[in-house]
Amino acid sequence: MLEFPTLPASPSASSTAFLRAPRALAQAAPAANTSLQGVSRPFQGGTGAFPRCSGARGSHAGLACTSLALATHACLRSRRLGAGVTARQVPPRSVRCHAAQQPERVPVQAEPAIQPGFLEFPDDNFFFGAATAAYQIEGAATEDGRKPSIWDDFSHTEGWTEGKATGDVACDHYHLFREDVELMVGLGLQAYRFSISWSRLIPDGDGEVNPAAVEYYSNLIDALLAKGITPWITLYHWDMPSALEQKFGGWLGPKEKIVSAFGNYARTCFSLFGARVKHWITLNEPWCSAVLGYLSGEHAPGRDKAPETEPYIAAHHMLVSHAEAVAIYRKEFAAAQRGTVGVTLNADWRQPWNAASDGDREAARQAMDFSLGWFAHPIWFGCYPQCMVDACGDRLPKFTPEEQELLRGSSDFFGLNSYSSNFSRKLCKPLDGKGYWWDIGVEWWHKDPRWEKTDMGWPVVPWGFRELILYIHRTYSPSGGIVITENGCAFESAASVKFDDRPGALQPQPRSAAKHLDAKAAAEVERSMKDIAEDVNRRRFLKAHLSAVHAARVQGADVRGYFAWSLLDNFEWGHGYTKRFGIVHVDYATQRRTVKASGKWFARVIEDRGFEAPLKDEQFAGGIF
């Protein structure tokens, strides 16, 4: 999942400085043919075209004001919400009751829901799932032939993770995967996204395959399929084998070596599992790997000495490796296996600070190009954004013509991970520093101080999620649609925080080594678990962000699936086990799983194929755009 690095200092700003575009209100359409009118399109000029390569910037230089169109329905469809409960019929606002009757209050939905009432996600073109990653949940770090990854090395280095946490045990999923699959069945998941540990499958990164790992992943895949759950496999979720890091520098090593090693790893996975797995993701959030691993040093491999060059080199090699893996699949496996292969990119929406300012609109566009466009442009258009070429010069590696050809169109779908949003504005004064953050050349980090924040300190901006989805749809037009491969939050109840304050609570133990609680202690845990699992704000977060997905779909975005992050509480990278993102609570001392209130709500959404739109009392605070 997405992590934010330490940011450059930002200038102070008054909360009253946020200027927004007027909100466009759509005219109510008949219930049978509801449409949206007056919705302005961000980053889109008169032709609707986005620059395909360096130098063609004019077509989207004018960022349109962002607004939300609100549609009022003549009546809401009747739908079963639970035992004996159905959605009530709501007349349009223009309808007046007879004088003898009390007027009925029309419910007003919370932004960014596009309408009150039931928000439907039809079963024939949308699926729900949950996601995890190998190092964050598997454990068994030294068992059955697995060798270290860069995250093993990083987390075992003093001072790099909170509480000296490691993924040695994590959620013990390696031993408990069958139990976890049953949890997925209970939640009604249609799909499960997980990653393969490269250093478990091929311990030295290149060469011999580990039979025990083949058996483990094969059994997991079979268990999922037996329960009707579709596996989505990520090849790389940040855990480069240590052997390759030591041998030639991992992502910084000679391009030919790392591309060859990743291609061989991908080929091995396709060959072993591709007959049963039809959905592949090459890389998870390469932006995080490049920036947090090679600029700030907050993630493995912890490098921060060459911020002007190393992030760009590592990212370049990831992109070429992605293209190589996709080419291998399409040439050697696609015809027989008939699957899809793509990439997952992380992004947060960058809204212009002042939507009426040309400079701020251009700043927002440039901020998007330097984050999402850094990877999406090469994969969809075959080249880096022109603003990056201009700012970085020779520090930005160049693709060969052959690499451009391999990259262009090298994702069958657009995998998106997103957690927050910011405001961007043109520079008020020159930035003092060097490297990626300063190359961006704009102030992209501004926040509305009224925005609510998660336990990670990230602003909750669901309407920004809607705008990001629409931007991707209109800019890249992915032929296989958009799949939300991660979205979620760390938002725990006070009871959960208290639970984690117990001695040893955040030091995972294998289920086999868990201490047996006496009857009194077991009863106390049982009594407290109801409060621990009552994660009201996570449920509210998921509802608001799924409302944003629904709103984007209504406005034409081709979004085909949503994976909640995460299935389980887990090792949250540098934060260790102090931040919980799961819809299932994990007691690390015993490996007991408890479905949270958010998980139960998510299960009902899947069963009902939708949910009632959040109302105004569930609105997240802060300015709306």
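Quick look at the structure, then. Nothing here was measured: the structure is a model prediction, and the numbers come from that model.

1. A few points about unusual backbone geometry
Glycine aside, a negative phi is what most residues show, and trans is what most peptide bonds show.
Move 1: The omega torsion across Ala300 and Pro301 is 5°, close enough to zero to call that bond cis.
Move 2: Among the structural elements, Pro301 can be located in the loop between α8 (286-294) and α9 (310-332).
Move 3: Cis geometry is adopted by the peptide bond preceding Ser566, which originates at Trp565 and carries an omega value of 5°.
Move 4: For Ser566, the position within the fold is in the loop between β14 (559-565) and β15 (584-587).
Move 5: Unusually for a residue other than glycine, Lys164 sits at a positive phi of about 55°.
Move 6: Structurally, the position occupied by Lys164 is in the loop between α2 (150-155) and α3 (173-187).
Move 7: Phi angles above zero are rare outside glycine, and Asp172 is one such case at about 55°.
Move 8: Of note, Asp172 is situated in the loop between α2 and α3.
Move 9: Judged by its relative accessible area of 3%, Asp172 falls in the buried class.

2. Quick notes on the nonpolar core
Move 1: Leu372 and Trp374 are the most contacted members of the largest nonpolar core, which has 155 residues in total.
Move 2: With residues near it in sequence (within four places) discarded, Leu372 still touches Leu345, Asn346, Ala347, Phe414, Leu468, Tyr471, Ile472 and Tyr476.
Move 3: The next biggest cluster of nonpolar side chains, apart from the first, holds 15 residues, and it includes Phe127, Ala191, Val483 and Ala490.

3. Let's talk about the side chain of Asp152
Move 1: Mapped onto the elements of the fold, Asp152 is located in helix α2.
Move 2: We classify Asp152 as buried; its relative accessible area is 7%.
Move 3: Among the polar contacts made by the side chain of Asp152, one reaches the main-chain amide nitrogen of Ser149 at a distance of 2.8 Å.

4. Quick notes on the packing of aromatic side chains
Move 1: Using the criterion set out here, one finds 60 aromatic pairs in the structure.
Move 2: An angle of 55° between the planes, with centres 6.2 Å apart, marks the rings of Tyr562 and Phe602 as tilted. Placement of the pair is Tyr562 in strand β14 and Phe602 in helix α19 (residues 597-608), with a sequence separation of 40 residues. For the residue pair Tyr562 and Phe602, the accessibility class agrees, reading buried in each case.

5. Brief notes about the packing of helix α18 (residues 536-554) against α19
Move 1: Contact geometry of α18 with α19 gives a least axis separation of 8 Å together with a crossing angle of 35°. On the side of α18, the interface is formed by Arg538, Arg539, Leu542, Lys543 and Leu546, while α19 contributes Ala597, Ser598, Trp601 and Phe602.
Move 2: Partitioning the contact of α18 with α19 into residue classes produces 5 nonpolar, 1 polar and 3 charged.

6. Details of the packing of α8 against α9
Move 1: Here α8 crosses α9 at 150°, and the two axes come no closer than 9 Å. In this view, α8 runs roughly antiparallel relative to α9, as classed from their interaxial angle. When the axes of α8 and α9 are compared, the crossing they make is right-handed. Together, Pro286, Ser289, Ala290 and Tyr294 of α8 and Glu310, Pro311, Ala314, Ala315 and Met318 of α9 make up the contact between the two elements.
Move 2: By residue class, the composition of the contact of α8 with α9 is 7 nonpolar, 1 polar and 1 charged.

7. Focus on the environment of Pro614
Move 1: Mapped onto the elements, Pro614 comes out in the segment after β17 (610-612).
Move 2: Judged by relative accessible area, which is 4%, Pro614 ranks as buried.
Move 3: Taking C-alpha positions, Pro614 is 7.3 Å from Ala113, a pair spaced 501 residues apart along the chain.
Move 4: The contacts of Pro614, once residues within four sequence positions are left out, are Gln109, Ala110, Ala113, Lys543 and Ser547.

8. Considerations on the environment of Asp412
Move 1: Its location among the elements puts Asp412 in the loop between α13 (401-407) and β10 (414-417).
Move 2: Sequence spacing of Asp412 and Thr340 is 72 residues, and the spatial spacing of their C-alpha atoms is 6.0 Å.
Move 3: Asp412 has contacts with Arg330, Gly339, Thr340, Val341, Gly342, Ser479 and Gly480, leaving out every residue within four places of it along the chain.
Move 4: A polar contact of 2.7 Å, which involves the side chain of Asp412, links it to the side chain of Arg330.
Move 5: A distance of 2.9 Å separates a polar side-chain atom of Asp412 from the backbone nitrogen of Val341.

Rules used in this analysis
- Residues numbered from 1 in each chain as written.
- Predicted model: local features only at pLDDT ≥ 70, side-chain atom pairs only at ≥ 80, totals over all residues.
- Heavy atoms only, no water.
- Helix = DSSP H or I, 4+ residues; strand = E, 2+ residues; numbered from the N terminus.
- Buried < 20%, exposed > 50% of the residue type's maximum accessible area, 1.4 Å probe, protein only.
- Core = buried A, V, L, I, M, F, W, Y, C linked by side-chain atoms within 4.5 Å.
- Contact = heavy atoms within 4.5 Å.
- Polar contact = N/O pair within 3.5 Å; in protein donor to acceptor, adjacent residues only side chain to side chain.
- Phe/Tyr/Trp six-rings, centres within 6.5 Å; stacked < 30°, edge-to-face > 60°.
- Axes fitted to C-alpha atoms, helices over the stretch in contact; angles between N-to-C directions.
- Nonpolar A, V, L, I, M, F, W, Y, C, P; charged D, E, K, R; others polar.
- Parallel < 35°, antiparallel > 145°, perpendicular 65-115°, else oblique.
- Left-handed = near helix turned anticlockwise from the far one by under 90°.

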